[in-house]
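Working through the structure, step by step
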Number of protein chains: 2
Amino acid sequence: MSDKPSPSARVSLDDVALRAGVSTATVSRVLNGSASVRPSRREAVERACEELGYVINRAARTLASRRSMTIGAVVPTLATETFSRPLAAFQQQIHQSGYTMLLASSDFDPDTELKEVNKLVEYGIDALMLVGNSHHPRLWERITQQNIPCIQTFSVDARYPSVGYDNELAAGELTAHLLALGHKVFAVIVGTPPSNDRVSDRITGTRQALAAAGLTLDEANLINSAFTMNEAREAMFRLLDGPNPPTAVICGNDLLAFGAMRAASERYLRIPNDISITGFNDYEYAEHLEHPLTTMRVELDRIGEVAADYLLATLNGETAPVQTLLKPELIVRGSTGSAPRAAKG
Amino acid sequence: MSDKPSPSARVSLDDVALRAGVSTATVSRVLNGSASVRPSRREAVERACEELGYVINRAARTLASRRSMTIGAVVPTLATETFSRPLAAFQQQIHQSGYTMLLASSDFDPDTELKEVNKLVEYGIDALMLVGNSHHPRLWERITQQNIPCIQTFSVDARYPSVGYDNELAAGELTAHLLALGHKVFAVIVGTPPSNDRVSDRITGTRQALAAAGLTLDEANLINSAFTMNEAREAMFRLLDGPNPPTAVICGNDLLAFGAMRAASERYLRIPNDISITGFNDYEYAEHLEHPLTTMRVELDRIGEVAADYLLATLNGETAPVQTLLKPELIVRGSTGSAPRAAKG
DNA sequence: ATGAAAGCGCTAACAC
DNA sequence: GTGTTAGCGCTTTCAT
């Protein structure tokens, strides 16, 4: 009754076994809910655990069982809704199956990503979630060698399990929308390094659509280092002051679009009369902005869910769809309109 | 030269030792950079690791060394900037010291939080970050019993290490600002359950400021279940249609404030002429909203940094400030103004 | 500076 | 149904 767990000696499974008057194997069985254990003994074990304040040692369990019950996830950064939202969904899902998440971020750098993945592998992750399909050449090598179920998110990739959408196509659709409105001078504001396959696919998509219309994207009108809203805003100022001011601006996400719109407004440009601006993702606030944003709606949560489901199924030896192609939806709102007729003054 | 790591047998430290012609102890020393090992042997070990494609088994290391090199973090949810941003900073910081983050979320539920913490303890986390100061009664018991360095964030708490700000004070300041503008009828829109100490402290702060001015917060004007922008928007509609329509609305964060403003605008209420609205956190977009938001600026990243620094220092046996009180700053913008003179029509 | 060997705390055969 | 026992792969005295 009065024996509080002593703060010094960490109680182990042996202690529990001793106290319950059973073998360690029986304790282990009770802990794992496996095999049938006589109810009286089961209770004795449970009581002993309770009284001793027993905490299982997962490192030992992992070592002995060769399963860690952890799943790794590596995202470029946590500091944007784009990744934190699917991650939240992912985590919730794996949790329901008893897994814990080991999280790392790559900061958009393939070398860092590889290092982080290696570390996660050292920790014995049972499965892994990645973002994008462009990684360090040795990354997949390591994963397959270790035989770890893994899924890529945000981009589709015929070579590996993946859930995402066709970025090229999505950008093409967005561009076509703008083209149909008569725009001729485009600009792109995105926020990530060249290693980012999603961004480069989108740029490709835009370029192709443009080319099909006999247009090109002026190199000076491609800004690829805007991460925050304010950076997008400043990028927009530069575009407006540049050699070839656009009438249509395609932004990497809704936050960047918001920044771009602000800059336009501050220059007394009317949206969409003077300039059209598009976003990506359809964040919750997109429709509520001063100029409701035309954007591509992406099921961010769904990405995390599907990724988790795939991994969980694979871990259970079940089969799951290896490729899931999500279809973003073009949402046309007030931030885009017909290209201005007059030549710029 | 040609012996690719065989995909079957996982190579262990013994294999490396064998190949390098040294003992396992020496390999371990090289791996840990500890003790002095003769350069020639060190090289031999490194080469063997490389050739064999050796990956250390952290479960084994953790078991033997009693340190996991992981740090746990439990946040209410990942799906909001409020927590994902400090978490990003936290993670980056602990990473630089070689730690990996084990992440769990409580979904604002103390029971869930306790369960998650227990699980993290099972995994052998070396330290722990928590949000808030109101937990399951047995939570701190477990942590102290296991002797795990731990810090609470967002709220300050004299009993335990913590980094945060005085929510009561902050809310009081915000309320005072509104009071000074002549407002008499207040409303509060927040998004979390009663177990959330930050929210309840803020409500208390507002109530006290109100009381000091001889006013009270109408129960009908306290909405505490708005999480998303749209929920805040709907909450606002209800307030406006309620028995006691407010002229001043205090929101739990900038996103909720955004939603509230939208609802007001949709009802053709002028901001701030007819109604004043405040946020919290000063998200990047707050100043760029159609009605620039009056809010409290909180150093979200700083919270994560300080928490990490404290834990890291403690882990190193150094001393670090146990209490860090951050001071939010009132940022007055266009979303607040003098209370309307006329009685409502 | 290096090796031998004893664990760390658990699981999983295998016997009974 | 239950106990015995041999590891899992590493770190860490303790000798040398």
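Residues numbered from 1 in each chain as written. Chains lettered and ligands numbered in written order. Predicted model: local features only at pLDDT ≥ 70, side-chain atom pairs only at ≥ 80, totals over all residues. Heavy atoms only, no water.

For chain A, an unreviewed UniProt entry supplies the name LacI family DNA-binding transcriptional regulator and the organism Erwinia plantamica.

Moving on to the overall build of chain A. Looking only at helices and strands, chain A has 12 helices and 12 strands in total. For a compact globule of 345 residues, the expected C-alpha radius of gyration is about 20 Å, and chain A comes in at 26 Å, more than 25% above that figure. Its C-alpha atoms give chain A principal-axis dimensions of roughly 90 × 40 × 30 Å. Looking at the 345 residues of chain A, the share that counts as buried comes to 56%. Considering only contacts within chain A whose residues lie at least 6 apart along the sequence, 70% involve residues at least 24 apart. (Helix = DSSP H or I, 4+ residues; strand = E, 2+ residues; numbered from the N terminus. Rg over C-alpha atoms; globule rule 2.2 N^0.38 Å. Buried < 20%, exposed > 50% of the residue type's maximum accessible area, 1.4 Å probe, protein only. Contact = heavy atoms within 4.5 Å.)

Near DNA strand C lie 26 residues; those nearest to it are L13 and Y54 of chain A together with T26, R29 and S36 of chain B. Here the atoms of DNA strand C within 4 Å of the protein split so that 70% fall in sugar or phosphate, with bases taking the remainder. In this structure, a phosphate oxygen belonging to DNA strand C sits 3.3 Å away from a side-chain N or O atom of N32 of chain A. In the environment of DNA strand C, a phosphate oxygen lies 2.6 Å from a nitrogen or oxygen atom belonging to the side chain of R61 of chain A. Mapped onto the surface near DNA strand C, the elements with two or more residues apiece are helix 2 (24–32) and helix 4 (58–65) of chain A together with helix 2 (24–32) and helix 4 (58–65) of chain B. Of the residues that constitute the surface near DNA strand C, the class distribution is 11 nonpolar, nine polar and six charged. (Near = heavy atom within 4 Å. Polar contact = N/O pair within 3.5 Å; in protein donor to acceptor, adjacent residues only side chain to side chain. Nonpolar A, V, L, I, M, F, W, Y, C, P; charged D, E, K, R; others polar.)

Judged by nonpolar contacts, the single largest core of 163 residues is most densely connected at I189 and M236 of chain A together with I189 and M236 of chain B. Among all residues touching I189 of chain A, those that are not within four sequence positions of it are I223, A226, A232, A235, M236, L239, V249, I250, C251, G252, L256 and A260 of chain A. (Core = buried A, V, L, I, M, F, W, Y, C linked by side-chain atoms within 4.5 Å.)

Evaluation of the coordinates by the stated rule reveals 33 salt bridges over all chains. One salt bridge connects D157 of chain A with R159 of chain A, and the closest N-O pair in it is separated by 2.8 Å. Residue classification places R159 of chain A among the exposed positions, given a relative accessible area of 58%. The salt bridge involving R302 of chain B is made with E305 of chain B; its shortest N-O contact spans 2.8 Å. Here R302 of chain B and its partner E305 of chain B are both found in helix 12 (residues 300–315), three residues apart, which amounts to about one turn of the helix. The class of E305 of chain B is partly exposed, set by a relative accessible area of 28%. (Salt bridge = Lys/Arg side-chain N within 4 Å of Asp/Glu carboxyl O.)

Here we take up the UniProt feature "domain: HTH lacI-type" (unreviewed entry) in chain A. Under the feature "domain: HTH lacI-type" (unreviewed entry), the UniProt entry names residues 11–65 of chain A. Taken end to end, residues 11–65 of chain A comprises 71% helix and 0% strand; its first and last C-alpha atoms sit 20 Å apart. (UniProt positions renumbered as here; feature names shortened; annotations may be inferred.)

Now for the protein's contact with DNA strand D. Around DNA strand D sit 25 residues, and of these T26, R29 and R38 of chain A together with L13 and Y54 of chain B come closest. Near-protein atoms of DNA strand D (within 4 Å) split between backbone and bases, with sugar and phosphate holding 69%. In this structure, a phosphate oxygen belonging to DNA strand D sits 2.6 Å away from a side-chain N or O atom of S28 of chain B. Counting residues per element, the ones that place at least two in the surface near DNA strand D are helix 2 and helix 4 of chain A together with helix 2 and helix 4 of chain B. Class assignment for the residues of the surface near DNA strand D results in 11 nonpolar, nine polar and five charged.

This paragraph deals with the sheet that holds strand 8 (residues 248–251) of chain B. Residues and elements named next belong to chain B. With parallel pairing, four strands are arranged side by side in an open sheet as 7-6-8-9. Each edge of the open sheet carries a strand with a single partner, namely strand 7 (222–223) and strand 9 (276–278). In this sheet, strand 9 lies alongside strand 8 in parallel orientation, the contact comprising three bridges. Across the sheet, residue A248 finds its bridge partner in strand 9, namely S276. Here helix 10 (residues 229–241) sits on the sheet and contacts strand 6 (186–189), strand 7, strand 8 and strand 9; the angle it forms with strand 6, its principal contact strand, is near 155°. (Pairing = 2+ DSSP bridges. Axes fitted to C-alpha atoms, helices over the stretch in contact; angles between N-to-C directions.)

This brings us to the packing of helix 2 of chain A against helix 3 (residues 39–52) of chain A. Residues and elements named next belong to chain A. Where helix 2 meets helix 3, the axes come as close as 10 Å, and the angle between the chain directions of the two elements is 85°. If you check the angle between helix 2 and helix 3, you find them roughly perpendicular. Here T26, V27, V30 and L31 of helix 2 lie close against helix 3, whose contacting residues are R42, V45, E46 and C49. Taken together, the residues of the contact of helix 2 with helix 3 break down into five nonpolar, one polar and two charged. (Parallel < 35°, antiparallel > 145°, perpendicular 65-115°, else oblique.)

Taken as rigid bodies, chain A and chain B are interconverted by a rotation of 180° and an axial shift of 0.1 Å, the fit giving an RMSD of 0.1 Å. What we have between these two chains is a two-fold relation. Both copies share a contact surface, since 98% of the interface residues of chain A are interface residues in chain B too. (Least-squares fit on C-alpha atoms with pLDDT ≥ 70 in both.)

Residue and element names in this part refer to chain B. The buried fraction of strand 4 (residues 150–155) amounts to six of the six residues, a majority that puts the element mostly inside the structure. Across four bridges, the pairing between strand 3 (residues 127–131) and strand 4 is parallel. Across the sheet, residue L130 finds its bridge partner in strand 4, namely Q152. After leaving strand 3, the chain enters helix 7 (residues 137–146) and then returns to the sheet as strand 4, a path that is right-handed. (Right-handed = clockwise from strand over helix to strand, strands pointing away.)

Quick look at the interface of chain A and chain B now. Taken together, the contact between chain A and chain B spans 55 residues of the former and 54 residues of the latter. Where chain A abuts chain B, roughly 4,700 Å² becomes buried across the two surfaces, and 54% of that area is made up of carbon and sulfur atoms. For the chain A face of the interface with chain B, the top three residues by lost area are E122, Y123 and H288 of chain A, together amounting to 15%. Linking chain A with chain B are three salt bridges. For E50 of chain A, the salt bridge is made with R138 of chain B, and the minimal N-O distance between the two is 4.0 Å. Across the chain A-chain B interface, the total number found is 30 residue pairs in polar contact (both at pLDDT 80 or more). Residue assignment for the side of chain A that touches chain B shows that the elements contributing at least two residues are helix 4, helix 5 (81–96), strand 2 (100–105), helix 6 (110–122), helix 7 (137–146), helix 10 (229–241) and helix 11 (254–266) of chain A. (Buried area = accessible area lost by both parts, 1.4 Å probe.)

Within the structure shown, the criterion is met by 17 aromatic pairs over all chains. Three or more aromatic residues link up through ring pairs in this structure, and these residues are F258, Y283 and Y285 of chain A together with F258, Y283 and Y285 of chain B. For the cation-ring pair, R202 of chain A lies above F280 of chain A, with the distance from its terminal atom to the ring centre recorded as 3.6 Å. (Phe/Tyr/Trp six-rings, centres within 6.5 Å; stacked < 30°, edge-to-face > 60°. Lys NZ or Arg CZ within 6 Å of the ring centre and 35° of its normal.)

What follows concerns the sheet that holds strand 2 of chain A. Spatially, 12 strands are ordered 11(A)-5(A)-4(A)-3(A)-1(A)-2(A)-2(B)-1(B)-3(B)-4(B)-5(B)-11(B) in an open sheet, and the strand pairing comes out mixed. Only two strands of the sheet have a single neighbouring strand rather than two, namely strand 11 (323–325) of chain A together with strand 11 (323–326) of chain B. Pairwise comparison of adjacent strand axes, ignoring direction, gives a mean angle of 20° for this sheet.

The next thing to look at is the confidence of the model for chain A. Put simply, chain A has an average pLDDT of 94, and 96% of its residues get 70 or more. Contacts from residues 1–8 of chain A, a stretch scored under 50 in pLDDT, to residues over four places away or in other chains number six contacts. (pLDDT = per-residue confidence, 0-100.)

Residues and elements named next belong to chain B. Neither face of strand 8 is exposed, since A248 and I250 on one face and V249 and C251 on the opposite face are all buried. Of the pairings in the sheet, the one linking strand 6 to strand 8 comprises four bridges and is parallel in character. Each bridged residue has a counterpart across the sheet, and for I189 the counterpart in strand 8 is C251. A crossover links strand 8 with its parallel partner strand 9, the connecting element being helix 11 (residues 254–266), and its sense is right-handed.

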